[in-house]
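The primary structure of each chain is shown beneath.
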Amino acid sequence: MSQKQIKVVVVGGGTMGADVAVVAARGGCLVEIIESNSDRALQLPQYTDKLMDEQGFSDRASLIAVTNSIDRIDWQEIDLVIECLPEKIEIKQELFKTLDERCDPKTILASNSSSFPISQIAKNLNTQDRMIGLHFFMPAHLIPCVEVVCGANTKLDVAEQLIRMMTMCGMVPVLVKKDLPGFLANRLQHALSREAFAMIDAGIASPEDIDKAVRFGFGFRYLAAGPVMQRDHAGIEIHAAAGASIYPSLNNSPNIANSLSDKVANGNLGMKSGSGFFEWTPQSIQEERKRYDDLLKEGLKILKKELPQIK
């Protein structure tokens, strides 16, 4: 990408798409959100303006525009497309096939998908070398990490361009060199979750105590150092000895735990259904989300010196 103002299109104006637009705009990019739902499209400016103000970039809020049709975009002028549509492979493949035909060959085509291999999304494209994963974590404007995921045919130069851009936007990009299920962060997260829910199934610990052990125990240290750096702090030989003792007893089932599958079967899906591992009301959901976001914001303050600075 050149030194001119970068032009970004975010396809899908749901919560994730809107938050991603805020990330790009705070880095100085000119952003258009495509949202076909007219009611949601009308709500987006107020939502993004609020987030830009909260993050101290109210002067850049005007960089975000909203349109309701793919046909209203001058695709030859776009540097980067970020797809944030529902997790349905057919929808994504159809969109990128259209974009492949309309966009300049230098336009980077990125998907925020967390479920589908990038190579699968790109399989019908003529220019698979510019198709890449750009996986944000919710809420995207508060969680600094973003995964830059290479498909089987993605050019490394495309990944390097995205890494530079995301750094410019104040994000912490990580390069995932191989396109495998769960990419990087979700694989690590699910490895932990598999053991956690297996321990719940076995009656070893309650959901509440599992969460406490992570948040106020080893997880608390992750704010300062990840699992690899932690080994150097503690001593690699100590970790190796502990691993030799613990690994044989860790859960290695290819199936999800009963404590998860039973809740799904019974429609107990968490906040969206009013019941999951915990009970939820509209008021308690609102209070929990505020508590959650407020803590994330405080965490960002702690990490401020280690995050890329937005100019």
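For the structure, check the block above.
Described in the following lines is the structure provided in the data block.

Rules of the game
Along each chain, the written sequence defines residue order, and numbers are assigned to residues from 1. With pLDDT at 70 or above as the cut-off, local features in this predicted model cover only qualifying residues; side-chain atom pairs require 80 or more to be listed or tallied, and sums for whole chains, interfaces and linings still use all residues. In computing side-chain properties, one takes all heavy atoms of the structure into account and sets aside hydrogens as well as water. In this analysis, the protein atoms alone were mapped onto a 1 Å grid. Cavities are point sets where a 1.4 Å probe fits without being able to get out; pockets are open sets with protein on both sides within 12 Å along at least five of seven lines; lining residues have an atom within 4 Å of a point. Grid points are joined across faces, edges and corners, and a volume is the space filled by probe spheres set on the points. Working definition: helices are DSSP H or I runs of at least four residues, strands are E runs of at least two. Numbering for both runs from the N terminus. In this classification, Asp, Glu, Lys and Arg are treated as charged, Ala, Val, Leu, Ile, Met, Phe, Trp, Tyr, Cys and Pro as nonpolar, and every other residue, Gly included, as polar. One less than the residue count of a helix, multiplied by 1.5 Å, gives the span that helix is expected to have. For each residue, the accessible area found with a 1.4 Å probe, counting protein chains only, is set against the maximum for its type, and the residue is called buried under 20%, exposed over 50%, and partly exposed in between. As used here, the arc belongs to the directions running from the helix axis to the C-beta atoms. Here a residue-residue contact requires only that any non-hydrogen atoms of the pair lie within 4.5 Å. Two strands are said to pair when DSSP picks up at least two bridges between them. Lines fitted to the C-alpha atoms define the axes, with helices restricted to the stretch that makes contact. Angles between their N-to-C directions range from 0 to 180 degrees.

## Focus on the layout of surface pockets
Right, on to step 1. In this model, the second largest pocket occupies a volume close to 540 Å³.
Right, on to step 2. Lining the second largest pocket are 18 residues, and of these Arg 26, Gln 55, Phe 57, Leu 300 and Leu 307 sit closest to its centre.
Right, on to step 3. No other element matches helix 11 (residues 282–303), which puts 3 residues into the lining of the second largest pocket.
Right, on to step 4. Each residue belonging to the lining of the second largest pocket can be placed in one class, and the counts come to 8 nonpolar, 5 polar and 5 charged.

## With respect to helix 5 (residues 156–168)
Right, on to step 1. Between the first and last C-alpha of helix 5 there are 19 Å, a value that for 13 residues agrees with the 18 Å anticipated at 1.5 Å per step.
Right, on to step 2. Three or more residues of helix 5 are buried, namely Val 158, Ala 159, Gln 161, Leu 162, Met 165 and Met 166. Viewed along the axis of helix 5, the buried residues span an arc of 160°, placing them on a single side of the element. The outward face of helix 5, more than 90 degrees from its buried face, is lined by the exposed residues Leu 156 and Arg 164.
Right, on to step 3. In this structure, the buried residues of helix 5 make contact with strand 1 (7–11), strand 4 (80–83), strand 5 (108–111), strand 6 (131–136), strand 7 (145–150) and strand 8 (172–176).
Right, on to step 4. A positive backbone phi angle near 85° is found at Gly 170, which sits one or two residues after helix 5.

## As for the sheet that holds strand 6
Right, on to step 1. In spatial order, the strands read 3-2-1-4-5-6-7-8; together these 8 strands make up an open sheet with mixed pairing. In the strand order of this sheet, the two ends are held by strand 3 (64–67) and strand 8, each with one partner. Sheet twist, expressed as the mean angle between neighbouring strand axes with direction ignored, is 25°.
Right, on to step 2. In the sheet, strand 5 pairs with strand 6 via 3 bridges, with the strands oriented parallel. Looking at the pairing, Leu 109 lines up with Met 131 of strand 6.
Right, on to step 3. Its contacts with the sheet put helix 3 (residues 89–102) on strand 1, strand 4, strand 5 and strand 6, and the angle it makes with strand 5 is roughly 170°.

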